[in-house]
Structure formats: structure tokens, C-alpha cells
Amino acid sequence: MCLKLSTVNRYLCKLGNMGAFLDKPKTEKHNAHGAGNGLRYGLSKPEVYEIVRAEEDEFIVLACDGIWDVMSNEELCEFVKSRLEVSDDLEKVCNWVVDTCLHKGSRDNMSIVLVCFSNAPKVSDEAMKRDADLDKHLESRVEEIMEKSGEEGMPDLAQVMRILSAENIPNLPPGGGLAGKRNIIEAVYNRLNPHRENEGGAGDLEDPW
């Protein structure tokens, strides 16, 4: 099987200050009514690759810079593989990827397409139990941290994340680490601290996880 991948289709793009990226940007001097608008246009030159797919291939990930800015090829593949072992819902797996990249500090737009082949990882009872045990451990640790706050006052979410990041927590999602479980941690924190002030999103934390 041969896969043909193109970075972009042929399209017409309106240029502001991006004319330098084209060899010969064209200025449209006149519109349909004969009046010039000064806008520049150019046609992209797509890069097309043909790749022969091997039988052992498991899946293909198509993603934009917001994903790759915070995950390497290896990290993303390991993370996707681990999530496919706990869910066969590809939309959910893609959402986990986007959430994890957000918690890792991505500031760019994020989109991802996941295509699984017949050799892709399957849901495993062992992996599901391991993941459920991890969630319970994190929930328990957040509760302990909140209970020990005492007279020092309720810690904010960033403090809780820093404490957990310093611990040797087994079975965190490979490639995602603690960021891959931040939604679980945040849900417990919000339940135990319902009157918290608005702390903002993941991008407002001093350190990404």
C-alpha cells in the first residue's frame, strides 16, 4: 500500500507581510472594477511524499505545530499507543493528546488526525486496570496534599502540581507524564476547593506539566 501525503493543497493565499516567503509574490493592481487594492497573492508549492506502508505499521498521526512544539515524534507515538490500550474511542484519544499538549505549555493552534490500521494497539484489561489504579493514586495524593495544608492555607493548583511532579509516580502515560493526567488532578482539586478564585487555564501556570 502506498500513502501519498501532501503538506498543503494548491490554494490562493492573501499576503500581508508574508510576501517574503514567496519567490515572486504578485501584486494585484486592479480588481474587477478597475480599482487597485494593493493586495498581494501567491500560489503555494505543496511538498508531496509517497511512503510504502509496512505491515507492522500501527497508526498515522497528522498534527500541526501546536502538538509538535511540545512533543517529539517518539513521545507522541508512545502516548497514543498507551491511550489506545485504555480506549478504542479515537476522538477521546485525540482529545487526550490536545489536552496534554495544552498542559505541557503549547501556545499554538492544535489539531490532530489519528488513523489506525489493523495492527494498532488494542484495549487491554491490564492496561485499563493500571490506568484506573493510577487515577485512584493521584486522587488520593491530591486529597492528602489538600488535607495537610492546614494553617498555611489552601494550596493553589500550581502548588499541587509541583508537589506531585517531585514524586516518583509509576505508570504515568509515556510521552505525556504528569501532564497526561492533569485533568484528573484538576477535577479532584476543584471538588475539594469549590470556593477557589479563578486561577486561569494551564497556560497561566508558571511551570507546564
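Because the structure is a prediction, the values reported are computed rather than measured. (Residues numbered from 1 in each chain as written. Predicted model: local features only at pLDDT ≥ 70, side-chain atom pairs only at ≥ 80, totals over all residues. Heavy atoms only, no water.)

A few words now on the pattern of salt bridges. For the structure shown, the criterion picks out nine salt bridges. Glu126 is the partner of Arg130 in a salt bridge, and the nearest nitrogen-oxygen pair spans 3.7 Å. On the criterion of helical spacing, the pair formed by Arg130 and Glu126 is a turn pair, its members being four residues apart in helix 4 (residues 125-147). Exposure remark for Arg130: the relative accessible area of 32% places this residue in the partly exposed category. A relative accessible area of 59% means that Glu126 is categorised as exposed. (Salt bridge = Lys/Arg side-chain N within 4 Å of Asp/Glu carboxyl O. Helix = DSSP H or I, 4+ residues; strand = E, 2+ residues; numbered from the N terminus. Buried < 20%, exposed > 50% of the residue type's maximum accessible area, 1.4 Å probe, protein only.)

What the rule picks out here adds up to zero aromatic pairs. Over the ring of Phe79 we find Arg83; its NZ or CZ atom is 5.9 Å from the centre of that ring. Taking NZ or CZ as reference, Arg83 lies 5.8 Å from the ring centre of Trp96, over its face. (Phe/Tyr/Trp six-rings, centres within 6.5 Å; stacked < 30°, edge-to-face > 60°. Lys NZ or Arg CZ within 6 Å of the ring centre and 35° of its normal.)

Another point: the packing of helix 2 (residues 73-84) against helix 3 (residues 90-103). Two numbers describe how helix 2 lies on helix 3: the axes approach to 10 Å, and their chain directions differ by 140°. For the element pair helix 2 / helix 3, the angle class is oblique. Helix 2 and helix 3 meet at a crossing whose hand is right-handed. In contact with Leu76, Phe79, Val80, Arg83 and Leu84 of helix 2, helix 3 contributes Leu90, Val93, Trp96, Val97 and Thr100. When grouped by side-chain class, the residues that make up the contact of helix 2 with helix 3 number eight nonpolar, one polar and one charged. (Axes fitted to C-alpha atoms, helices over the stretch in contact; angles between N-to-C directions. Parallel < 35°, antiparallel > 145°, perpendicular 65-115°, else oblique. Left-handed = near helix turned anticlockwise from the far one by under 90°. Contact = heavy atoms within 4.5 Å. Nonpolar A, V, L, I, M, F, W, Y, C, P; charged D, E, K, R; others polar.)

By themselves these figures say nothing about function.
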